[in-house]
Amino acid sequence: MAALWNTRNLTMADAPNPFQLPNITKFKIALCQLSITSDKNQNLDRASRSIRLSVEQGAKLLVLPEMWNCPYSSDYFAKYAEDFDNRDASPTLSMLSEAACCHGITIIGGSLPEWDHGRLYNTCCIFGPDGRLKAKHRKIHLFDIDIPGEISFKESDTFTAGDQPTIVDTVGRIGIGICHDIRFPELAALYRKRGVDIICYPGAFNVSTGELLWELVQRARAVDNQLFVATCSPSRNSTGSYTTWGHSTLVGPKESPT
Ligand SMILES: NC(=O)CCC(=O)C(=O)O
């Protein structure tokens, strides 16, 4: 049988060096864990207030949660989705762009349901300090799960998967993934190869897999690749059909989570 992975020619030089920290200058990052409701305007107000408070505390890079303008439910995604190419019809993107520009910060805009030519995507928009859209990451690994008696969810019923990694250069070199993307080490390894210092994963893990894996996978991605990992989740909400785990976290290459 052919070897899937030839390790014979790998040397110490191929391993991430734990004595060489990512080469970025110090800055403050805010993980804006938000409580999400079914009222889109209220979600936008909360996000905008949280951004302002974070800036007042010195944040230069802000991360919002996965699906923060909309409840995390297949019943809502299409209804709350916006066409990002039509700013007049996209109050969420307008708010993010204005906030980034008026505060002079970078916003990793969590994720939002996006309409594009009749397809729906789970998309993260990144805005620079000039308020311009720097990049867009469409969730690559859609979350389909069925554990009888625990949880059943099928993102692929509504969303189309993205197929591109996303890197932006701002306060450092940042790689983007969305929630379930964190479970796939290949994406993080590709980011390391391309010189990423910090991977931001807006996420909405659920209570079942959250308890088992949320912290573990963040530390694994950080230590495997010797970079920082930041996650931002909606806050715990047990009233809907999907109970989010919460626990937004920042992990350093060798540190415990904070
Ligand atoms: N929204 C998601 O992608 C959830 C991912 C998750 O909970 C997992 O276990 O993976």
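So, how was this worked out
- Residues numbered from 1 in each chain as written.
- Predicted model: local features only at pLDDT ≥ 70, side-chain atom pairs only at ≥ 80, totals over all residues.
- Heavy atoms only, no water.
- Helix = DSSP H or I, 4+ residues; strand = E, 2+ residues; numbered from the N terminus.
- Expected span 1.5 Å × (residues − 1).
- Buried < 20%, exposed > 50% of the residue type's maximum accessible area, 1.4 Å probe, protein only.
- Contact = heavy atoms within 4.5 Å.
- Near = heavy atom within 4 Å.
- Polar contact = N/O pair within 3.5 Å; in protein donor to acceptor, adjacent residues only side chain to side chain.
- Nonpolar A, V, L, I, M, F, W, Y, C, P; charged D, E, K, R; others polar.
- Core = buried A, V, L, I, M, F, W, Y, C linked by side-chain atoms within 4.5 Å.
- Phe/Tyr/Trp six-rings, centres within 6.5 Å; stacked < 30°, edge-to-face > 60°.
- Lys NZ or Arg CZ within 6 Å of the ring centre and 35° of its normal.
- Pairing = 2+ DSSP bridges.
- Axes fitted to C-alpha atoms, helices over the stretch in contact; angles between N-to-C directions.
- Salt bridge = Lys/Arg side-chain N within 4 Å of Asp/Glu carboxyl O.
- pLDDT = per-residue confidence, 0-100.
- Disulfide = S-S within 2.5 Å.

A word on helix H3 (residues 91-103)
- The first and last C-alpha atoms of H3 sit 18 Å apart over 13 residues, in line with the 18 Å expected at 1.5 Å per residue.
- Of all the residues in H3, the buried ones are Thr92, Leu93, Met95, Leu96, Ser97, Ala99 and Ala100.
- If you follow the buried residues of H3, they end up packed against helix H1 (40-56), strand S3 (82-83), strand S4 (106-108), strand S5 (112-116) and strand S6 (119-127).
- Just downstream of H3 lies Gly104, where phi reads positive at about 65°.

Details of the site of the ligand
- Taken together, the neighbourhood of the ligand is formed by Glu66, Tyr72, Lys139, Phe143, Cys179, His180, Arg183, Ala204, Phe205, Asn206, Thr209 and Tyr242.
- Taking Glu66, its side chain carries an N or O atom lying 2.9 Å from a nitrogen atom of the ligand.
- In this structure, His180 approaches the ligand through a side-chain N or O atom, which is 2.6 Å from an oxygen atom.
- The class makeup of the residues in the shell around the ligand is 6 nonpolar, 3 polar and 3 charged.

Observations concerning the nonpolar core
- Grouped together as the largest cluster of nonpolar side chains are 31 residues, with contacts concentrated most on Ile108, Ile126, Ile174, Ile176, Ile199 and Cys200.
- Sorting the residues of this core by element identifies strand S2 (59-63), S6, strand S11 (173-176), helix H4 (185-193), strand S12 (198-202), helix H5 (207-225) and strand S13 (228-232) as the ones contributing at least two each.
- No other element matches S12, which puts 4 residues into this core.
- Counting 22 residues, the second largest nonpolar core, distinct from the first, contains Ile36, Ala59, Leu96 and Ala100.

Some thoughts on the environment of Ser48
- Looking at the element boundaries, Ser48 is found in helix H1.
- It is 7.3 Å that separates the C-alpha atoms of Ser48 and Ala99, two residues lying 51 residues apart in sequence.

With respect to the packing of aromatic side chains
- Enumeration over the complete set of coordinates arrives at 9 aromatic pairs.
- A ring pair is formed by Tyr72 and Phe77, whose centres lie 5.6 Å apart and whose planes are at 65°; its orientation type is edge-to-face.
- Overall, the relative accessible area of 10% leaves Tyr72 in the buried class.
- Among the aromatic residues, those joined into a ring-pair cluster are Tyr72, Phe77, Phe143, Phe153, Phe159 and Tyr242.
- Stacked on the ring of Tyr76, the Lys or Arg Lys79 has its end atom at 5.2 Å from the ring centre.

Digging into the sheet that holds S11
- Reading across from one edge, S10-S11-S12-S13-S14 is the order of the 5 strands in this open sheet, with mixed pairing throughout. Looking along the sheet, the strands with just one partner apiece sit at the ends: strand S10 (166-169) and strand S14 (249-251). Averaged over all pairs of adjacent strands, the angle between strand axes in this sheet comes to 20°, irrespective of strand direction.
- As paired elements, S12 and S13 share 5 bridges and run parallel to each other.

Details of the pattern of salt bridges
- Under the defined criterion, the tally for this structure stands at 10 salt bridges.
- A salt bridge links Lys139 to Glu155; the shortest N-O distance between them is 2.9 Å. You can see Lys139 sitting in the loop between strand S7 (133-138) and strand S8 (144-147) and its partner Glu155 sitting in the loop between strand S9 (151-154) and S10, a full 16 residues away along the chain. Judged on exposure class, the residue Lys139 and its partner Glu155 are both buried.
- Among the ionic pairs, Lys154 bridges to Asp157, the shortest N-O distance being 3.8 Å.
- Classification of Lys154 as partly exposed rests on a relative accessible area of 44%.
- Owing to a relative accessible area of 59%, Asp157 belongs among the exposed residues under this scheme.
- One connected set of salt bridges, linked through shared partners, spans Glu114, Asp116, Lys136 and Arg138.

Quick word on the confidence of the model for the protein chain
- For the protein chain, the mean per-residue pLDDT works out to 93, and 92% of the residues sit at or above 70.
- On the interface metric, ipTM, the complex scores 0.98, and its pTM is 0.93.

Examining the state of the cysteines
- By the definition in use, this model includes 0 disulfides.
- Cys70 takes part in no disulfide bond, and the closest cysteine sulfur, belonging to Cys179, lies 14 Å away.
- The buried category is assigned to Cys70, whose relative accessible area is 0%.
- For the unlinked cysteine Cys102, the closest cysteine sulfur is that of Cys101, found at 7.2 Å.

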